[in-house]
Amino acid sequence: MASIFLKKPPMQAVRGDLRVGDFLDLPLEIRSPGQSLLVFVRHTGCPFAERDIKRARAWAAENPEVQVIVVTHGDEGLRDTWVADIGGAEGLTLYHDPERCLYGQAGLGFSAASHFMGFPSLLGVMRLWREGTRNRSASGTRWQRAGVLLLKDGKLVWRNIPESAEGFRLPQKSSCGK
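All of these numbers come straight from a predicted model, not from anything done at the bench.

Here is what the cut-offs are and how they apply
- Residues numbered from 1 in each chain as written.
- Predicted model: local features only at pLDDT ≥ 70, side-chain atom pairs only at ≥ 80, totals over all residues.
- Heavy atoms only, no water.
- Helix = DSSP H or I, 4+ residues; strand = E, 2+ residues; numbered from the N terminus.
- Buried < 20%, exposed > 50% of the residue type's maximum accessible area, 1.4 Å probe, protein only.
- Polar contact = N/O pair within 3.5 Å; in protein donor to acceptor, adjacent residues only side chain to side chain.
- Expected span 1.5 Å × (residues − 1).
- Pairing = 2+ DSSP bridges.
- Axes fitted to C-alpha atoms, helices over the stretch in contact; angles between N-to-C directions.
- Contact = heavy atoms within 4.5 Å.
- Core = buried A, V, L, I, M, F, W, Y, C linked by side-chain atoms within 4.5 Å.
- Arc of directions from axis to C-beta.

### Things to note about unusual backbone geometry
Then, in step 1: Of note in this structure, Arg100 is not a glycine but carries a positive phi near 60°.
Then, in step 2: Looking at the secondary structure, you find Arg100 in the loop between β4 (92–96) and α3 (101–105).
Then, in step 3: Backbone geometry places Asp153, a non-glycine residue, at a positive phi of 50°.
Then, in step 4: One can find Asp153 in the loop between β6 (147–152) and β7 (155–160).
Then, in step 5: Judged by its relative accessible area of 47%, Asp153 is partly exposed.

Shown next, in the form of structure tokens:
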């Protein structure tokens with residue numbers, strides 16, 4: 001199990017050349033025709049991941065034609081408890097990637113310490129804390145980068161790989177081929 005603390009686990013293989021137009025070979029259990037939005041969270045229990053899942057849930061409700069998949073890598077049982085605690089996964093498909101292989105295929109390796117300990121991230125954590133969002137049921141590694149990919153029939157059409165935890169974005173409705 002990856003450490004939630006500062007020690008880095010072994011790095012997974014990371015694709016460095018992913019571009020719009022490239023295909024991703026999704027696991028069979030989440031592969032489907034049409035559009036898929038993959039939301040990769042840093043670790044479960046993370047305040048930013050909670051914010052991101054809540055935003056993805058709202059986005060999924062507004063875009064029901066898109067399969068929204070939240071990819072996590074920590075303990076699956078802790079993840080399920082945490083997701084229930086933050087309001088559930090209505091409209092979302094949860095995918096467990098403990099070896100972080102799909103993260104690597106999406107070009108998401110480790111972040112720099114400034115990603116989670118930098119001033120913008122620390123201010124963001126304080127802001128979320130004041131809103132009632134805190135670390136809870138944490139599992140996984142803080143070093144894992146987060147990101148969002150929009151696919152159409154397995155082909156990448158849009159992505160957001162934030163430089164800090166504050167940079168999370170979801171595609172505009174027009175990005176979904178409407």
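So, next bit.
### A closer look at the side chain of Glu50
Then, in step 1: Note that Glu50 resides in helix α1 (residues 47–62).
Then, in step 2: On the basis of relative accessibility, which here comes to 1%, the residue Glu50 falls in the buried class.
Then, in step 3: Polar side-chain contacts of Glu50 include one of 2.9 Å to the side chain of Lys54.

### Regarding α1
Residues three or four positions apart in an α-helix share a direction because the helix packs 3.6 residues into each turn.
Then, in step 1: Here α1 spans 23 Å end to end across 16 residues, near enough to the 22 Å set by a 1.5 Å rise per residue.
Then, in step 2: Along α1, the positions that sit buried rather than exposed are Pro47, Phe48, Ala49, Glu50, Arg51, Asp52, Ile53, Ala56, Arg57, Trp59 and Ala60.

### Focus: the sheet that holds β6
Then, in step 1: Read from one edge of the open sheet, five strands run β4-β3-β1-β6-β7, paired in mixed fashion. Looking at which strands have only one partner, the edges of the open sheet turn out to be β4 and β7. When strand polarity is set aside, the average angle formed by the axes of neighbouring strands in this sheet is 25°.
Then, in step 2: Examined bridge by bridge, β6 and β7 share five bridges and lie antiparallel to one another. Note that in β7 the partner of Leu150 across the bridge is Trp158.
Then, in step 3: Helix-sheet contacts for α1 involve β1 (35–40), β3 (66–72) and β4, and the interaxial angle to β3 is about 165°.
Then, in step 4: Sitting on the sheet, helix α2 (residues 76–85) is in contact with β3 and β4, with an inclination near 155° to β4.

### A short note on the nonpolar core
Then, in step 1: With 39 residues, the main nonpolar core has Leu37, Leu38, Val39, Phe40, Val68 and Leu149 as its most contacted residues.
Then, in step 2: Among the elements of the structure, β1, α1, β3, α2, β4, α3, β6 and β7 are those that each provide at least two residues to this core.
Then, in step 3: Among the elements that line this core, the one with the most residues is α1, at six residues.
Then, in step 4: In contact with Leu38, other than residues within four places in its own chain, are Leu24, Leu26, Ile30, Ile69, Gly147, Val148, Leu149 and Leu151.

### Examining α2
Then, in step 1: Within the sequence span of α2, burial applies to Arg79, Trp82 and Val83. Along α2, the residues classed as buried sweep out an arc of 100° about the axis, all on the same side.
Then, in step 2: Residues of α2 that are buried sit in contact with β2 (43–44), α1, β3 and β4.
Then, in step 3: The opening residue of α2, the one whose side-chain oxygen lies 3.0 Å from the backbone nitrogen of Gly77, is Asp75.
Then, in step 4: Once α2 ends, the next one or two residues include Gly87, with phi positive near 115°.

### Description of the side chain of Gln144
Then, in step 1: On the secondary structure map, Gln144 appears in the loop between β5 (139–140) and β6.
Then, in step 2: Among the polar contacts made by the side chain of Gln144, one reaches the main-chain carbonyl oxygen of Gly109 at a distance of 3.1 Å.
Then, in step 3: Apart from the residues within four sequence positions on either side, Gln144 is in contact with Gln12, Arg42, His73, Arg100, Tyr103, Leu108, Gly109 and Phe110.

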